[in-house]
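These are the residues of each chain, in order.
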Amino acid sequence: MRFLPGTETPRVAIIGFGYVGSCLGVTLAERCMTVTGIDTDEALIGALRSGRCPIPEPGLAQAFARLAGSPRLTFTTSYAPAGTADVVIIAVGTPTGPGHRLVTDQLDEVGRNLAPRLRPGQLVIVKSTVPPGATRDLVAPLLSSGGLVAGRDFGLAYCPERLAQGTALRQLAELPVVVGGYDPDSTEAAVQFWKQALDVPVQALPGPESAEIVKLATNWWIDANIALANELAQLCAPYQVDVLDVIATANALPKGEGRVNILLPSIGVGGSCLTKDPWLAWRAAADRGIALETVRTARRVNDGMPGLAGQLIVDELARLGKPAPRTVAVLGVTFKSNTGDLRNTPVAGVVEVLRAAGVRVRLFDPLVDPADVEVRFGARPERTVEDAITGVDAIAILAGHHEFHHLDFARLRTRVAMPCLFFDGRMYCPPDTVADLQRLGYGYRGIGR
Ligand SMILES: NC(=O)c1ccc[n+]([C@@H]2O[C@H](COP(=O)([O-])OP(=O)(O)OC[C@H]3O[C@@H](n4cnc5c(N)ncnc54)[C@H](O)[C@@H]3O)[C@@H](O)[C@H]2O)c1
């Protein structure tokens, strides 16, 4: 094989050791590869070296702890190990800027540092999410500026990362890997690497452009599907119909190769991917005179949900006859359930609406560093659930972390100000739980429920 010398355990350098890089790094190191995490963030590298994992992904800190001191996983701010690795994986951030265009600063910097260090025979894999054409037209020229040519001297492939935060480590060990090589030899090398590294199915595509579009198509579909669920919820509410009944029943219908698969409504879509990737597809299309209306519509619907959810809470408090000033305990402030990630969290929009309506908001989230909550929300979070809910007019569960599913709302009933609203933003309480809550005197309300 021209790229990737056939060693049993290739040395891997991962450039960009944030969420994706770290999760992939520990996964490969636990499978006996020698991995070096390279990141320009000195604080991140310092924390990892001192045994602290600042990335709030379930199981990640434990995986770092298992590998502590092992030569199989090291961290550095230097690019030197990229020059000696067999495989270099790029996982830096690819944010969007004005007009939803890719901001290439991080990739540019990778190119400047990596190009002069590349050696013939190495395989470079791009994991960062990029628009169609970027591997061939942006990354390959950047890397070739050191004199070596992609596809001739070194291998280059785009292999999108498709993990979901919250279950990243499990998914990395299971999900099929998509490979789009710059040329057939690069594809062959990347397929071989992933089969050896993760022992998962590998789907090879004709080129990086196909793989780039697969990644965007997936997140475009997820965002559009959630937008449909969010609008369906709005349709169900005035009919006193439970949107979850509708979705469960609709989803039983065989359709195409599978079934109808409507996802769940919620207080909104956040994170670093679903809020950006559909726009990357939209921008790429718009630059070619094609209007992707479903992207615009889905983004608008989902961006509107925090405002709708906030207003729903305010309206329900009024309906319950709660006098002002009202207090709401927000449990869970992250962008979705079971993650500690605050990036683009829709909870911020809900809290904004509540505060604008004169509601006092108390925050609690066991998965987030309190200092980060304070920076994001301008208020120090409560230390315990009990502190958060004492005397409140509403409990709003806006991220349905596992911990919240085990709360004893019969016991907590004595602490809140009854009648207390139970707002279900992402718990998806089953009907018997809803009935129990109502028997206890809570007013239950969810999105489309
Ligand atoms: N987070 C996810 O769930 C997820 C899922 C799939 C794909 N992705 C994509 O993967 C990429 C990384 O996402 P993330 O969430 O891990 O981002 P992140 O911000 O957590 O990590 C990126 C890391 O790259 C580092 N970095 C920036 N410039 C660098 C440089 N020149 N050299 C070395 N390191 C540099 C940053 O310091 C940061 O630690 C993005 O393109 C994202 O769209 C993310």
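Scroll up for the structure.
Residues numbered from 1 in each chain as written. Predicted model: local features only at pLDDT ≥ 70, side-chain atom pairs only at ≥ 80, totals over all residues. Heavy atoms only, no water.

Engineer: Explain the packing of helix 11 (residues 277–286) against helix 12 (residues 293–319) residue by residue, including any values.
Structural biologist: Where helix 11 contacts helix 12, the axes come no closer than 9 Å and their chain directions differ by 150°. Relative to helix 12, the element helix 11 is oriented roughly antiparallel. Both helix 11 and helix 12 take part in a crossing whose hand is left-handed. Within the contact between the two elements, helix 11 uses Pro278, Trp279 and Trp282 and helix 12 uses Val295, Arg296 and Arg299. (Axes fitted to C-alpha atoms, helices over the stretch in contact; angles between N-to-C directions. Helix = DSSP H or I, 4+ residues; strand = E, 2+ residues; numbered from the N terminus. Parallel < 35°, antiparallel > 145°, perpendicular 65-115°, else oblique. Left-handed = near helix turned anticlockwise from the far one by under 90°. Contact = heavy atoms within 4.5 Å.)

Engineer: Explain unusual backbone geometry to me, and be specific about the residues and the numbers.
Structural biologist: For the bond from alanine 324 to proline 325, the omega torsion is -5°, close enough to zero to count as cis. Tracing the backbone shows proline 325 in the loop between helix 12 and strand 11 (327–331). Between methionine 418 and proline 419 the backbone carries a cis peptide bond, its omega angle lying at 0°. Positive phi outside glycine occurs at glutamine 240, with the angle close to 55°. Looking at the element boundaries, glutamine 240 is found in the loop between helix 9 (208–236) and helix 10 (243–250). Positioned with a positive phi, asparagine 344 is a non-glycine residue whose angle comes to about 50°. The residue asparagine 344 is located in the loop between strand 11 and helix 13 (347–356) in this model. For asparagine 344, a relative accessible area of 45% gives the class partly exposed. (Buried < 20%, exposed > 50% of the residue type's maximum accessible area, 1.4 Å probe, protein only.)

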